[in-house]
Structure formats: C-alpha cells, structure tokens
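# Chains, contacts and geometry: an overview
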Amino acid sequence: RIFITPVARKLAEEKGYNIEDIPGTGGNGRITRRDVERYQPEAKSSQAVTSQAGEGLPGMRKTIAKRMVQSLQTTAQLSLHRKADVTQLSKLRQEIKSKANDGAALGWTTLITRAAVKALEETPEMNSWYQDGHWEQHEAVHIGMATAVADGLVVPVIRDAQGLSLSKLGEKINEVTSQAKAGQLPADLYSGSTFSITNMGGRGIEYFTPVINPPEAGILGLGAIQKELAFDDKGEVVELSKFPLSLTFDHQLLDGDPAGAFLDLIVSYLENPYSLLL
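Residue positions are given per chain, counted from 1 along the sequence in the order it is written. Where totals are concerned, whole chains, interfaces and linings use all residues; where local detail is concerned, this predicted model gives features only for residues with pLDDT of at least 70, and gives and counts side-chain atom pairs only at 80 or more. The side-chain numbers reported here are obtained from all heavy atoms of the structure, hydrogens and water having been left aside.

The next point concerns the nonpolar core. In this structure, Met-126, Ile-143, Phe-195, Leu-220, Leu-245, Ile-266 and Leu-270 are the most contacted members of the largest nonpolar core, which totals 46 residues. Contributions of two or more residues to this core are made by α7 (108-122), β4 (143-145), α8 (166-182), β8 (195-199), β9 (218-222), β11 (237-250) and α9 (256-271). Secondary structure elements follow DSSP: runs of H or I of four or more residues count as helices, runs of E of two or more count as strands, with numbering from the N terminus. Considering each element in turn, this core owes the most residues, eight residues, to α7. Contact criterion: two residues are considered in contact whenever any of their non-hydrogen atoms come within 4.5 Å of each other. Dropping the residues within four chain positions of it, Leu-270 is found in contact with Ala-84, Asp-85, Val-86, Leu-89, Leu-111, Ile-112, Ala-115, Leu-245 and Leu-276. Definition used in this section: a nonpolar core is a set of buried Ala, Val, Leu, Ile, Met, Phe, Trp, Tyr and Cys residues joined via side-chain atoms within 4.5 Å. Each residue is placed in one exposure class: buried if its accessible area under a 1.4 Å probe, protein chains only, is under 20% of its type's maximum, exposed if it is over 50%, and partly exposed if it falls in between.

Next up, the structure:
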C-alpha cells in the first residue's frame, strides 16, 4: 500500500508520474506535495541506465562500460583541440639525450605530463573533483595515466606529481604503467587521481575526444606528432614539429575561456622548453 496525500496524488497524475517511483518523506513514508515537486524522473532513469550498462560483458569491460556511461551522464563534456609547436623542445631532447642516458625523463609523455602538472598548479579549478553536488579543488596534483592492459583499460595514479623532478616523474610514469600492465600495481594506486592523461599517439591518432574519468574535471589527450612546413622570419621554408592536444573538460565547472587558458598554459610550457626543467 502506498501512502500519499490527495493533493500529491492529483499533482503526480497531472505530471504523469508513477507514484510507486516517488520516495515519500512524510509520516509512514507518506508522499507529500513537496515530494512530488522535488521528484526528478530523469535522475531515476539515468541511474537505471548506468546500472544496466555493460550487461553481458566480461569483468573489466563491464566495469569500464559503467564508468563511461556514468561519466557521460553526470558531466557536461566539451573538448578543445590545439597544436603546440615542439620544434625547440624536440631539439632540446636530442641535445640532452646525446649527453645523458635518461630516456624516461625525455619521453614525450613525461614532458607533456610535466607541462600539465605545472599548468594544474596554476589552475586549481581544473585540478578538482565534482561529485554528489560538491566541488572540491585540490592543491596536490595526482595524475592518472590511462594505460591499456590485456583485458581493458586502467588508470594508475602518480601521487603528488607537483613535487617530482622531471627525471623522477619519468621514472614514476614508467613504474606505474609497467606495474599496471603486469597486474602488480598496488591497490591504492588505482584511484585518487585529480586529472588524467591519455595517449593515442602511438596509433597515429592526431585529435580525439577523451572521456572524463569521474569525479575529475578534465582529461588531456595526446596525439601523434605532426610535421608541418612554414615560413620563418626570413621568409625561408622550415619544418616544424607540432604536437596535437585534446582537452575534455566538465562545462558544469569551467567555461570555455578558462579551459582554453589552461590549455594555453600547457602549450606555453611546451613551447618554452627550458621552463620544464625548472
């Protein structure tokens, strides 16, 4: 038996609501007019779709499906795309590699992660979580590195990346991704990231639309380096190296201008390579 006030029943009928779906807050669980007014059928529908996501799929694939559906249902995702001129950074990499044997620190993923970490320190609204109606901005930067494994995708975490040198950051990236692929990653490093990075450059992808890893506010996608011809200041043809970047952010939390400014910061660090060494 469902307890509901006459006024609430009439209102529910007018709105076409099924009273069995409306939670009551009155005595003995009675549904009141206020309960009907507050009821949001679309929220229940979204929860139902999320719970059904991945049905019929094996273990990890089912978990991934649920998280992807949850991400798209609970965030207002928008992607920005831009190329960074990494010609000078590429030259610096070659110069340092010829004098030192530190491949981890000089990998493109490491260098761009370093640029993202520095930009996140200046943009706390991007280095944040939004869940259950609460927006929490973080000082510490915990980077999630999307990593393909045999049966799906995981996001191992590099904690307190803002305190790591370029060399140490490279070591940590190699360490956590290798552990994830081998199934040896510590349990506490599977969650807790405040911003994620995903790389499709190895497949020749230029731009794409990465999906936010909830409850984070953004994710950065890395593409494959592109070679372009351009004129220099003397009017001579030169070859440039351009790195495509794809930033997806939650438009609930940030508008396009601050999100664009964040991406601009990353590009600025990449185009002024010595700033990454500081």
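On we go.
Another point: the packing of aromatic side chains. Aromatic pairs are defined between Phe, Tyr and Trp rings, using the six-membered ring for Trp, whenever the two ring centres lie within 6.5 Å; interplanar angles under 30 degrees are classed as stacked, those over 60 as edge-to-face, and all others as tilted. Tallied over the full model, the rule gives three aromatic pairs. Pairing Tyr-17 with Tyr-39 gives two aromatic rings, centres 5.0 Å apart and planes at 80°, and the pair type is edge-to-face. One end of the pair, Tyr-17, is in the loop between α1 (6-15) and α2 (33-38); the other, Tyr-39, is in the loop between α2 and α3 (41-52), with 22 residues separating them in the sequence. Taken together, a centroid distance of 5.7 Å and an interplanar angle of 70° make the contact between Phe-195 and Phe-262 edge-to-face. Pair noted here: Phe-195 is in strand β8 and Phe-262 is in helix α9, with a separation of 67 residues, a long-range link. When sorted by exposure, Phe-195 lands in the same class as Phe-262, which is buried.

Okay, the side chain of Thr-194 next. Among the structural elements, Thr-194 can be located in the loop between α8 and β8. Those residues in contact with Thr-194 that sit more than four places away from it in its chain are Met-126, Asn-127, Ser-128, Trp-129, His-138, Ala-140, Val-141, His-142 and Glu-216.

With that out of the way, let us pick up unusual backbone geometry. The step from Pro-214 to Pro-215 runs through a cis peptide bond, and the omega angle for that step is 10°. Its location among the elements puts Pro-215 in the loop between β8 and β9. Of note, Asp-160 is a non-glycine position whose phi angle comes to about 50°, a positive value. Take Asp-160: it is sitting in the loop between β7 (157-158) and α8.

Expected helix span is taken as 1.5 Å per residue step, with the number of steps being one fewer than the number of residues. In this model, helix α4 (residues 59-74) (16 residues) spans 23 Å end to end at C-alpha, consistent with the 22 Å of a helix rising 1.5 Å per residue. Within α4, the full set of buried residues consists of Ile-64, Ala-65 and Ser-71. Along α4, the residues classed as buried sweep out an arc of 130° about the axis, all on the same side. Residues of α4 that are buried in the fold lie against β1 (77-85) and β6 (152-154). Each direction from the helix axis to a C-beta atom contributes to the arc, which is the arc of those directions.

The next point concerns the pairing of strand β2 (residues 128-131). Strand direction decides the pairing type here: β2 and strand β3 (residues 134-137), joined by four bridges, are antiparallel. By the bridge assignment for β3, Tyr-130 is matched with Trp-135. Only strands joined by at least two bridges in the DSSP assignment are considered to pair.

Here an axis means a line fitted to C-alpha atoms, over the contact stretch when the element is a helix, while the angle between two N-to-C directions is reported on a 0 to 180 degree scale. Two numbers describe how α7 lies on α9: the axes approach to 9 Å, and their chain directions differ by 135°. As the angle between them shows, α7 and α9 are arranged oblique. Between α7 and α9 lies a crossing of right-handed hand. Side by side, α7 and α9 meet where Leu-111, Ile-112, Ala-115, Ala-116, Lys-118, Ala-119, Leu-120 and Glu-122 of the first sit next to Phe-262, Leu-265, Ile-266, Tyr-269 and Leu-270 of the second. Gly counts as polar in this scheme, as do all residues outside two lists: the nonpolar Ala, Val, Leu, Ile, Met, Phe, Trp, Tyr, Cys and Pro, and the charged Asp, Glu, Lys and Arg. In terms of residue class, the contact of α7 with α9 is made up of eleven nonpolar, no polar and two charged. For classification purposes, angles smaller than 35 degrees are called roughly parallel, those larger than 145 roughly antiparallel, those between 65 and 115 roughly perpendicular, and all remaining angles oblique. Crossings are classed by handedness, with left-handed meaning an anticlockwise turn of the near helix from the far one by less than a right angle and right-handed meaning a clockwise turn.

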